[in-house]
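Chain by chain, the residues:
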Amino acid sequence: MAAKTGFQPSVIYQDPKAAIRWLEAAFGFELAIYIEDDAGGFVHCQMRYGGALISVGQEWDEPFKSPLKLGGKNTQLTSINIASDVDAHCALARAAGAVIIAEPETQFYGDRSYRCRDPEGHYWSVSQTVEEVTREAAEERAPGLKITGWV
Amino acid sequence: MDVPPISPLLFYRDAKAALDFLERAFGFETRLLVDDGQGGVIHSECAFEGHVVMVCGPPSGQWASPLDLGGKRTGSVHVQVQGGIDALCEQARAAGATIEREPADQPYGDRVFTCLDPEGHSWSFGQTLQIMSADEMTKATGHVVHAKP
């Protein structure tokens, strides 16, 4: 059984089976648990990435909607932290059909990251730490921000 | 700071109030806060057992609080805890969480409760009581369970 730990985002899709295939192709997520009913209908799914889990959900209850039903609005996004080569990760996602919202770019706080939208309009942010930046340096690079708790 | 491989980011109209709620209700700890200088939060990390949830707001563009969408939401967050799930539910209730499902043992071996926070984001908390194989889960739930170790 998959190790369960920490914060596990659930992402709601109109077509969860298609979403599973897409998340495998675009981000390299692996199926951890897949639950179906006797008729082969989707019930629940967890996918694994680097020891973490996400749930792929369907619109099982009225308040839970795909962004497709909300004019593209999202109430949450999922952040993926990778160890190396964010540019290659972005190329793979693009090839799988991700809409790249922000191309890979090194941020003032030392991460190189990109942001994309999946086929149902969920947003994903993918980051790799490329530079250790002190709080003082970050505040200098981004005037106007007040940073608390940066160690 | 160690960053876990996957972290959810939630959008709130009042991100600072949300962080305060998450600390009081669930015992999370805000370990990083980036204030935009106008009362908004452009980034934060709220930690629990070495993992983080990020809280931002007020949202704009394609991002929204469930408050802006009539309570609708495009996801939820599950938190797996080591112990004390009933006490955690009481703590959440006392802090103003709306408990949707009271703590109950599930056929797949976890004890789970679910709740809404003040802006309508959905949270579930689970504590493993019994580790079950895919076959055992199939028998217990009546669904067909495929699991990869």
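Because the structure is predicted, anything quoted here is derived from the model rather than measured.

(A) A look at the confidence of the model for chain B. In the predicted model, chain B carries a mean pLDDT of 93, and 98% of its residues have values of at least 70. Across the interfaces of the predicted complex, the ipTM metric reaches 0.91, alongside a pTM of 0.93.

(B) Focus on the packing of helix H1 (residues 16-27) of chain A against helix H2 (residues 86-95) of chain A. All names here are of chain A. Between H1 and H2, whose axes approach to 7 Å, the crossing angle comes to 145°. Between H1 and H2, the contacting residues are Ala-25, Ala-26 and Phe-27 on the first element and His-89, Leu-92 and Ala-93 on the second. Taken together, the residues of the contact of H1 with H2 sort by class into five nonpolar, one polar and no charged.

(C) Main features of the environment of A:Ala102. Residues and elements named next belong to chain A. Note that Ala-102 resides in strand E6 (residues 99-106). Judged by relative accessible area, which is 26%, Ala-102 ranks as partly exposed. Counting along the chain gives eleven residues from Ala-102 to Ser-113, while the straight-line C-alpha distance between them is 8.3 Å. Apart from the residues within four sequence positions on either side, Ala-102 is in contact with Tyr-114 and Arg-115.

(D) Structural view of the sheet that holds strand E8 (residues 122-128) of chain B. Pairing within the open sheet is mixed, and its nine strands lie in the order E6(B)-E7(B)-E8(B)-E5(B)-E1(A)-E4(A)-E3(A)-E2(A)-E9(B). Of all the strands in the sheet, just strand E6 (98-105) and strand E9 (144-147) of chain B have a single pairing partner and so form its edges. When strand polarity is set aside, the average angle formed by the axes of neighbouring strands in this sheet is 20°. Note that strand E2 (residues 30-36) of chain A and strand E3 (residues 42-49) of chain A share six bridges and pair antiparallel. Within E3(A), the position partnered with A:Glu36 by the bridge is A:Phe42.

(E) Main features of the nonpolar core. Within the largest apolar cluster, 31 residues are counted, with the highest numbers of intra-cluster contacts made by B:Leu22, B:Phe26, B:Phe28, B:Val79, B:Trp123 and B:Phe125. Of all the elements in the fold, those that place two or more residues in this core are helix H1 (15-26), strand E3 (41-48), strand E4 (51-56), strand E5 (75-81), helix H2 (85-94), strand E7 (110-116) and E8 of chain B. Ranked by residue count, the leading element in this core is H1(B), at seven residues. Counting residues in hydrophobic clusters, the runner-up holds 29 residues, among them A:Phe27, A:Ala93, A:Ala98 and A:Trp124.

(F) The packing of H1(B) against H2(B), seen in detail. All names here are of chain B. One way to put it is that H1 packs onto H2 with a least axis distance of 7 Å and a crossing angle of 140°. If you check the angle between H1 and H2, you find them oblique. Between H1 and H2, the contacting residues are Glu-23, Arg-24, Ala-25 and Phe-26 on the first element and Leu-88, Gln-91 and Ala-92 on the second. Partitioning the contact of H1 with H2 into residue classes produces four nonpolar, one polar and two charged.

(G) Spatial organisation of the interface of chain A and chain B. Taken together, the contacts link 54 residues of chain A with 58 residues of chain B. Across the chain A to chain B interface the summed buried area is about 4800 Å²; carbon plus sulfur atoms make up 59%. Joining chain A to chain B, the criterion identifies one salt bridge. A salt bridge links B:Lys72 to A:Glu62, with the shortest nitrogen-to-oxygen separation between them at 3.3 Å. Taken together, the connections running from chain A to chain B amount to 22 residue pairs in polar contact (both at pLDDT 80 or more). Residue assignment for the side of chain A that touches chain B shows that the elements contributing at least two residues are strand E1 (6-13), E2, E3, strand E4 (52-58), strand E5 (76-81) and strand E9 (146-148) of chain A. Looking at the side of chain A that touches chain B element by element, the count peaks at seven residues for E1(A). Of the residues assigned to the side of chain A that touches chain B, the class counts are 26 nonpolar, 18 polar and ten charged.

Procedures and definitions
Residues numbered from 1 in each chain as written. Chains lettered and ligands numbered in written order. Predicted model: local features only at pLDDT ≥ 70, side-chain atom pairs only at ≥ 80, totals over all residues. Heavy atoms only, no water. pLDDT = per-residue confidence, 0-100. Axes fitted to C-alpha atoms, helices over the stretch in contact; angles between N-to-C directions. Helix = DSSP H or I, 4+ residues; strand = E, 2+ residues; numbered from the N terminus. Contact = heavy atoms within 4.5 Å. Nonpolar A, V, L, I, M, F, W, Y, C, P; charged D, E, K, R; others polar. Buried < 20%, exposed > 50% of the residue type's maximum accessible area, 1.4 Å probe, protein only. Pairing = 2+ DSSP bridges. Core = buried A, V, L, I, M, F, W, Y, C linked by side-chain atoms within 4.5 Å. Parallel < 35°, antiparallel > 145°, perpendicular 65-115°, else oblique. Buried area = accessible area lost by both parts, 1.4 Å probe. Salt bridge = Lys/Arg side-chain N within 4 Å of Asp/Glu carboxyl O. Polar contact = N/O pair within 3.5 Å; in protein donor to acceptor, adjacent residues only side chain to side chain.

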